[in-house]
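One-letter residues, chain by chain:
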Amino acid sequence: MNTENEYMREALKEAYKAKKIDEVPIGAVVVRDGEIIARAHNMKEHDQLASSHAEHIALTKAQKILGTWNLQDCDLYVTLEPCMMCTGLIQLSRIRRLYYGTSDPKGGCLETVIHVKQIPHLNTYPKEIYADIMKEKCSEILTTFFKEKRNRNKHKNHT
Ligand SMILES: [Zn+2]
């Protein structure tokens, strides 16, 4: 089996966990030496913290587990293209390879709203970025979530 898809499937499992607790379904895993060392999903509403994004929590966990901020031998898999904050954290954590599922037209700061690799003089990590890993599934879980939420709200307003 394609290992990229295998790890992205694990990130998707995290996204489904988020969905179950009514969080925007985004998930992430950190992989080192072929092993998942940290996993997380979006927890913004439960934590009431703007920083509780899936990849932010996963990277923090990995740094605590390894006892170092330097994750240069780690790869990150995340279902949605990272935002500005997470792109910054990914860079500072020196993530080696980043794999993401679907791009974010409103907030994606790797290759969509901002092209991080094109910022002059910025010594950017990750060195390698791979987009569109299991794109359909990663995007579908988000569109379904928002559609269901809209329908629920519509229903609420009519009763
Ligand atoms: Zn983020």
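Look above for the structure.
Because the structure is predicted, anything quoted here is derived from the model rather than measured.

S.K.: Help me understand the environment of Arg 39 in this model?
M.R.: As for its position among the elements, Arg 39 is in strand S2 (residues 35-41). Those residues in contact with Arg 39 that sit more than four places away from it in its chain are Glu 10, Lys 13, Glu 14, Lys 17, Ala 28, Val 29, Ala 58 and Lys 61. A distance of 3.0 Å separates a polar atom in the side chain of Arg 39 from a polar atom in the side chain of Glu 10. Within the structure, the side chain of Arg 39 is placed 2.9 Å from the side chain of Glu 14, a separation counted as a polar contact.

S.K.: What is the right way to look at the coordination of the zinc ion in this model?
M.R.: Each donor-metal-donor angle in an ideal tetrahedron of four donors is 109.5 degrees, and each such angle in an ideal octahedron of six donors is either 90 or 180 degrees. Listed as protein donors to the zinc ion are His 53 (ND1), Cys 83 (SG) and Cys 86 (SG); their distances from the metal cover 2.0 to 2.3 Å. Here the donor residues of the zinc ion share one chain and are spaced in sequence as H-x29-C-x2-C. With His 53 in the loop between helix H2 (44-47) and helix H3 (54-66) and Cys 86 in helix H4 (residues 84-92), the pair connects residues that are 33 residues apart, well separated along the chain. One exposure class covers both His 53 and Cys 86, and it is buried.

S.K.: I keep staring at the packing of aromatic side chains and nothing clicks. Help me out?
M.R.: Centre distance and the angle of the planes are the two values used to describe a pair of aromatic rings. Enumeration over the complete set of coordinates arrives at four aromatic pairs. Consider the rings of Tyr 7 and Tyr 77, whose centres lie 5.2 Å apart with planes at 50°: the pair is tilted. In this pair, Tyr 7 sits in helix H1 (residues 3-20) while Tyr 77 sits in strand S3 (residues 74-80), placing the two residues 70 residues apart along the sequence. Taken individually, Tyr 7 and Tyr 77 each receive the classification buried, so the pair is uniform in this respect. Their ring planes at 15° and their centres at 4.9 Å tell us that Tyr 99 and Tyr 130 sit as a pair that is stacked. Here the residue Tyr 99 occupies a position in strand S4 (residues 97-102), and Tyr 130 occupies one in strand S5 (residues 128-130), the gap between them amounting to 31 residues.

S.K.: I tried to follow the sheet that holds S4 on my own but got confused; where do I start?
M.R.: Strand-to-strand pairing in sheets goes through backbone hydrogen bonds, with the strands running parallel or antiparallel. Ordered by their spatial adjacency, five strands build an open sheet running S2-S1-S3-S4-S5, and the pairing between neighbours is mixed. Since the sheet does not close on itself, it has two edges, and those belong to S2 and S5, each with one partner. Ignoring strand direction, the axes of neighbouring strands in this sheet form an average angle of 15°. Where H1 meets the sheet, it contacts strand S1 (27-32), S2, S3 and S4, and its direction lies at approximately 30° from that of S2. Contacting S1, S2 and S3, H3 runs over the sheet at an angle of about 140° to S2.

S.K.: Would you mind showing me how to read H3 here?
M.R.: Along an α-helix, a turn takes 3.6 residues, which lines up residues three or four apart on a common side. Between its first and last C-alpha atoms H3 spans 18 Å; for 13 residues at 1.5 Å apiece the expected length is 18 Å, and the two agree. Note on H3: the residue one or two positions beyond its end, Gly 67, has a positive phi of about 70°.

S.K.: Any chance you could explain the layout of surface pockets here in plain terms?
M.R.: Remark: the empty space left among the atoms is shown by a probe the size of a water molecule rolled over them. The volume enclosed by the largest pocket comes to roughly 630 Å³. Only H2, H3 and helix H5 (135-158) provide two or more residues apiece to the lining of the largest pocket. By residue number, the principal contributor to the lining of the largest pocket is H5, which donates six residues.

Procedures and definitions
Residues numbered from 1 in each chain as written. Predicted model: local features only at pLDDT ≥ 70, side-chain atom pairs only at ≥ 80, totals over all residues. Heavy atoms only, no water. Helix = DSSP H or I, 4+ residues; strand = E, 2+ residues; numbered from the N terminus. Contact = heavy atoms within 4.5 Å. Polar contact = N/O pair within 3.5 Å; in protein donor to acceptor, adjacent residues only side chain to side chain. Donors = N, O, S within 2.8 Å, 3.2 Å for Na, K, Ca; no water. Buried < 20%, exposed > 50% of the residue type's maximum accessible area, 1.4 Å probe, protein only. Phe/Tyr/Trp six-rings, centres within 6.5 Å; stacked < 30°, edge-to-face > 60°. Pairing = 2+ DSSP bridges. Axes fitted to C-alpha atoms, helices over the stretch in contact; angles between N-to-C directions. Expected span 1.5 Å × (residues − 1). 1 Å grid on protein atoms, 1.4 Å probe; cavity = no way out; pocket = protein on both sides within 12 Å on 5 of 7 lines; lining within 4 Å. Points joined across faces, edges and corners; volume = space filled by probe spheres on them.

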